[in-house]
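Listed below, chain by chain, are the residues.
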Amino acid sequence: KKTEEALARQVKELTILHAVANAQAESRTEDEIIEKVTKIIGLIYQEVCGFLLLNERGDSLTPHASFIGADLPGWENSFPSSTGISGKAVSLDKIIRVDDVSRETEYLPFAAGIQAELSIPIHVNGRAIGVLDVESKTRSAFGENDEHFLYTVASSVGTALERLRSLKEEQKRSRELNALYYATKSLAQSLKPEVIAENVVATMDELLALSAAERRF
């Protein structure tokens, strides 16, 4: 029976990994990737699971809005990356598995009755940018198989985010070069100071608008 259960679990994990790969390929934003992957892995980790992301300074973690199972007041608030099991995972840049959270002074509850937690760092360009976190109301709920499986998921998410960020950076550079090309072309069409000034201002406005648009995404 244990062999059958292990085989069924393996088949389900492979199905999940395939669905994760498809979701990443179809997604156009980081939020979309994270939301879809959270829903997919929630098919296995149904109690509490989701992603927490570091801010630009790297000193605080924020649960993504798609986080599943969090029900305590204020769970969506940011907290210092030096606290919590997930904070410990991202600070030490290593997988942290806790069988009994009541013995961990760093534990920060997102849901009532949690006894076990597993946090996996996510990397983009070799740097930890957040964690994939799962929790359970059963003590010692997670084992090495969970670590390996979720590490694979976290790695694929990191690769997808890295690819998306690289694409956005390339698109930004392309738009900037295009704007500069037309600015140079316009400048060459007239040597009058007032026309040159007008073209420079228009180009700067366009570049600033592109920069603001990038920050919104």
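Let me sum up the structure you'll find in this document. (Residues numbered from 1 in each chain as written. Predicted model: local features only at pLDDT ≥ 70, side-chain atom pairs only at ≥ 80, totals over all residues. Heavy atoms only, no water.)

In terms of helices and strands, the protein carries five helices and six strands. Reading the helices (α) and strands (β) of the protein from amino to carboxyl end gives α-α-β-β-β-α-β-β-β-α-α. Here the protein, with 217 residues, has 38% of them falling under the buried criterion. Contacts spanning at least 24 positions in sequence make up 55% of the contacts within the protein whose residues lie at least 6 apart. Within the structure as shown, the protein displays about 12800 Å² of accessible surface, and the carbon and sulfur contribution to it stands at 53%. (Helix = DSSP H or I, 4+ residues; strand = E, 2+ residues; numbered from the N terminus. Buried < 20%, exposed > 50% of the residue type's maximum accessible area, 1.4 Å probe, protein only. Contact = heavy atoms within 4.5 Å. Areas by Shrake-Rupley, 256 points an atom, 1.4 Å probe, with all protein chains shown as cover.)

Moving on: the packing of aromatic side chains. Scanning the entire structure with this criterion turns up five aromatic pairs. Seen from their ring centres, Tyr 45 and Phe 142 are 6.1 Å apart, and the 50° between their planes marks the pair as tilted. Within this pair, whereas Tyr 45 is found in the loop between helix H2 (30-41) and strand S1 (48-54), its partner Phe 142 is found in the loop between strand S6 (127-136) and helix H4 (144-188), the two being separated by 97 residues in sequence. By relative accessible area, which is 6% here, Tyr 45 ends up buried. A relative accessible area of 8% means that Phe 142 is categorised as buried. An angle of 85° between the planes, with centres 5.5 Å apart, marks the rings of Phe 67 and Phe 110 as edge-to-face. (Phe/Tyr/Trp six-rings, centres within 6.5 Å; stacked < 30°, edge-to-face > 60°.)

This brings us to the nonpolar core. If you look at the biggest cluster of nonpolar residues, it comprises 29 residues, and the most contacted ones within it are Val 37, Tyr 45, Leu 132 and Leu 150. Counting only elements with at least two residues in this core, the list comes to helix H1 (2-26), H2, S1, strand S5 (116-124), S6 and H4. If you tally residues by element for this core, the top one is H4, at eight residues. Residues within four places of Val 37 in sequence aside, it is in contact with Val 20, Gln 24, Phe 51, Val 153 and Val 157. By size, the runner-up hydrophobic cluster in this structure holds 20 residues, among which are Leu 54, Leu 61, Ile 85 and Ile 96. (Core = buried A, V, L, I, M, F, W, Y, C linked by side-chain atoms within 4.5 Å.)

Before going further, it helps to spend a moment on H2. A rise of 1.5 Å per residue sets the reference length of H2, with its 12 residues, at 16 Å; its end C-alpha atoms lie 17 Å apart and thus fit the reference within 8%. The complete set of buried residues in H2 reads Ile 33, Ile 34, Val 37, Thr 38, Ile 40 and Ile 41. Along the axis of H2, the buried residues cluster in a sector spanning 165°; they form a single face. (Expected span 1.5 Å × (residues − 1). Arc of directions from axis to C-beta.)

This part is about the sheet that holds strand S2 (residues 60-63). Taken in spatial order, the six strands of this open sheet run S3-S2-S1-S6-S5-S4, and their pairing is antiparallel. Here the strands that pair on one side only, and so sit at the sheet edges, are strand S3 (79-80) and strand S4 (96-98). Inspection of the sheet shows S4 paired to S5 by three bridges, in the antiparallel sense. Across the sheet, the residue bridging to Ile 96 is Ser 119, located in S5. H2 contacts S1 and S6 of the sheet and is inclined by roughly 155° relative to S1. (Pairing = 2+ DSSP bridges. Axes fitted to C-alpha atoms, helices over the stretch in contact; angles between N-to-C directions.)

All of the buried residues in helix H3 (residues 84-92) are Gly 84, Ile 85, Ser 86, Gly 87, Ala 89 and Val 90. On its buried side, H3 packs onto S1, S2, S3, S4, S5 and S6. Two residues or fewer after H3 comes Asp 93, characterised by a positive phi angle close to 55°.

Another point: the pattern of salt bridges. Throughout the structure, instances matching the rule amount to seven salt bridges. Here Asp 100 and Arg 103 are joined by a salt bridge, their closest N and O atoms 3.5 Å apart. A salt bridge links Arg 139 to Asp 100; the nearest nitrogen and oxygen atoms lie 3.8 Å apart. Here the residue Arg 139 occupies a position in the loop between S6 and H4, and Asp 100 occupies one in the loop between S4 and S5, the gap between them amounting to 39 residues. Residues joined by salt bridges that share partners form a network here, namely Glu 26, Glu 32 and Lys 36. (Salt bridge = Lys/Arg side-chain N within 4 Å of Asp/Glu carboxyl O.)

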